[in-house]
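Observations on the three-dimensional arrangement
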Amino acid sequence: MKRLLALLATGASTVGLTVLAGPPAQAATGCAAEYTITNQWEGGFQAGVKITNLGDPVSGWTLGFTLPDAGQKVVQGWNATWSQSGSQVTAGGADWNRTLSTGASTDLGFVGSFTGSNPAPTSFTLNGVTCTGSVTDPPTDPPATGTPTAVNGQLHVCGVHLCNQYDRPVQLRGMSTHGIQWFGPCYNDASLDALAQDWKSDLLRVAMYVQEDGYETDPAGFTARVNSLVDMAEARGMYAVIDFHTLTPGDPNYNLDRAKTFFSSVAARNAHKKNVIYEIANEPNGVSWAAVKSYAEQVIPVIRAADPDAVVIVGTRGWSSLGVSDGSNESEVVNNPVNATNIMYAFHFYAASHKDAYRAAVNRAAAQLPLFVSEFGTVSATGGGAVDRASSVAWLDLLDRLKIGYANWTYSDADEGSAAFRPGTCGGTDYSSSGVLTESGALLKSRISTADDFPTS
Ligand code: IDC
């Protein structure tokens, strides 16, 4: 709305015009549509339409609107099947954005022509229902100066590193949620303020289990919850790793259709954000690298279609051990990499279980593959037991030296050694005092909160 008001005040040309359908403060029902003329020239223009489903989940949709001037025509559109009859325009969902969960958005657009004036349509329908909802404008104000996302901006893979907007390598250090189906109360404004401000965390990994009472039981609800955590991280200047937390069964192809549906939705909804990294399969296990690679090569294009520039993390064989836990090693990936750019490979470890042989593999692999430690624990691979301080410190020193980013399991109050908070913490409001931390939490907070080294030139 800010942009529309500014435009009316200056009487500028219609380029950049944004019209929100429906009164902005109205209760969210059904759908919202945001129409933006992104470019205009003599007799022609380009427009984008962002639609947000504010009603029940849909598995197919048709957008309808009227072009107000008789001379306005859709010439060619994208991200939907477009047609026009008289002044009525319809756009039907494409394969990859046909499913829209509650709260999900997708962006489509077209090149048009006009003969007289080029006014914006004023009313939109989604599956016949008039869109009266309002969407919050995507944040246009950059996050507070000095936050990880403000300094680094959109990330990309450069060689074996993760690079920032200055094309310089950065190491992101942060925490992973526990399963959001179990520990939802741990992720609120107070806990995320503590993570961003006290811990000075660069990232929040959002672990969305697919099984174990996770995504498969309520796709729309979990998609909305993930999106809201992405927003909460963004508001605090942190990156968000969207983790499709497959674990049992270990073959990610079991969840291939769910992954396509989920990622088409979250990628379209978050495409304009700079803080999102997609992790497409937490820990493949009991499955060949070839099967994991095949899965990745089907899911990555779905993400790219909606969000072309985001970094994607691919899980590896043997619970994301680069195959080491299955008696293999990184050469299976080096010799047969995923056919995609701007990707990293996941390496996970639990310090009390995985020691020198695993560190040696990471040390070797880091010279050849972009690695991201999207999950690790200071304890045993069960997630419980005692903190192995010596092994944890050896690992963290190695990751610092190699500039490999990491997320620690877990920012939760689970009753297990890997949790950062003592049991019961999430029932209260204090996430900051040292008394709420476990041994693992205290160690990680002390490591993560040291000054970042983010080059800016
Ligand atoms: C563990 C949790 C535990 C839960 C279990 C089964 O800590 O509370 O009961 O999962 O869902 C992983 C997995 C991660 C595991 C963790 C510890 O990615 O889901 O969490 N771990 O076992 N890989 C290696 C260890």
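That block above? That's the structure.
Here is what the cut-offs are and how they apply
Think of each chain on its own: its residues are numbered from 1, step by step along the sequence as written. Reporting in this predicted model follows two pLDDT cut-offs: at least 70 for local features of residues, and 80 or more for side-chain atom pairs to be given and counted; totals over whole chains, interfaces and linings ignore these cut-offs and use all residues. Where side-chain values are given, they derive from all heavy atoms of the structure, hydrogens and water being excluded. Summary of the burial criterion: residues with accessible area below 20% of their type's maximum are buried, those above 50% are exposed, and those between are partly exposed, where the area comes from a 1.4 Å probe applied to protein chains only. Every helix listed is a DSSP run of H or I at least four residues long, and every strand listed is a run of E at least two residues long, numbered separately from the N terminus. Throughout, the arc means that of the directions going from the helix axis to the C-beta atoms. When checking whether two residues touch, look at their non-hydrogen atoms; a contact exists if any pair is within 4.5 Å. Here, a strand pair is defined by DSSP locating no fewer than two bridges between the strands. With axes taken as lines fitted to C-alpha atoms, and helix axes fitted only over the stretch in contact, angles between N-to-C directions fall between 0 and 180 degrees. Any pair of N or O atoms that falls within 3.5 Å is considered a polar contact. Within protein, one atom must be able to donate a hydrogen and the other to accept it, and sequence-neighbouring residues count only if both atoms are side-chain atoms. For this purpose, a residue is taken to be near a molecule or strand whenever a single non-hydrogen atom of the residue falls within 4 Å of it. Per-residue and other accessible areas were derived by the Shrake-Rupley procedure at a 1.4 Å probe size, with only the shown protein chains allowed to occlude residues. Polar here means any residue outside two lists: the nonpolar Ala, Val, Leu, Ile, Met, Phe, Trp, Tyr, Cys and Pro, and the charged Asp, Glu, Lys and Arg; Gly therefore counts as polar.

Considerations on helix α9 (residues 356-365)
Considered for burial, the residues of α9 that qualify are Tyr358, Arg359, Ala361, Val362 and Ala365. Axial view of α9: buried residues confined to an arc of 160°, hence all on one face. Those residues of α9 that are exposed and aimed more than 90 degrees away from the buried face are Asp356 and Ala357. Of the surrounding elements, those touching the buried residues of α9 are β18 (343-350), β19 (371-377) and α10 (389-402).

Description of the sheet that holds β18
A barrel is described by the order of its strands in space; here eight strands give the closed sequence β13-β14-β15-β16-β17-β18-β19-β20, paired in parallel fashion. Ignoring strand direction, the axes of neighbouring strands in this sheet form an average angle of 25°. Here strand β16 (residues 276-279) pairs with strand β17 (residues 312-314) via two bridges, running parallel. Bridging across to β17, glutamate 279 finds its partner in isoleucine 313. Set on the sheet, helix α6 (residues 289-306) makes contact with β15 (239-245), β16, β17 and β18; between it and β17 the angle comes to about 165°.

With respect to the side chain of serine 176
Within the secondary structure, serine 176 sits in strand β13 (residues 173-176). Separated by 3.3 Å, the side chains of serine 176 and arginine 205 make a polar contact. If near-sequence neighbours (up to four positions away) are discounted, serine 176 is found in contact with Arg205, Ala207, Ala407, Asn408, Trp409, Thr410 and Tyr411.

With respect to the site of the ligand
Close to the ligand lie 15 residues, the nearest being Tyr209, His245, Glu283, Ala381 and Glu416. With respect to the ligand, the side chain of asparagine 282 contributes an N or O atom lying 3.0 Å from an oxygen atom. Glutamate 416 is positioned with one of its side-chain polar atoms (N or O) 2.7 Å from an oxygen atom of the ligand. Protein chains shield 78% of the accessible area of the ligand, which is 500 Å² for the free molecule. Tallied by class, the residues present in the shell around the ligand amount to six nonpolar, five polar and four charged.

Notes on the environment of valine 266
Tracing the chain through its elements places valine 266 in helix α5 (residues 256-270). Looking at valine 266, the relative accessible area reads 0%, which means it is buried. In this structure, the C-alpha to C-alpha distance between valine 266 and threonine 223, residues 43 residues apart in sequence, is 7.1 Å. Other than its neighbours up to four places away in sequence, valine 266 contacts Thr223, Asn227, Ile242 and Tyr278.

Purely geometric stuff here, so don't read any function into it on its own.
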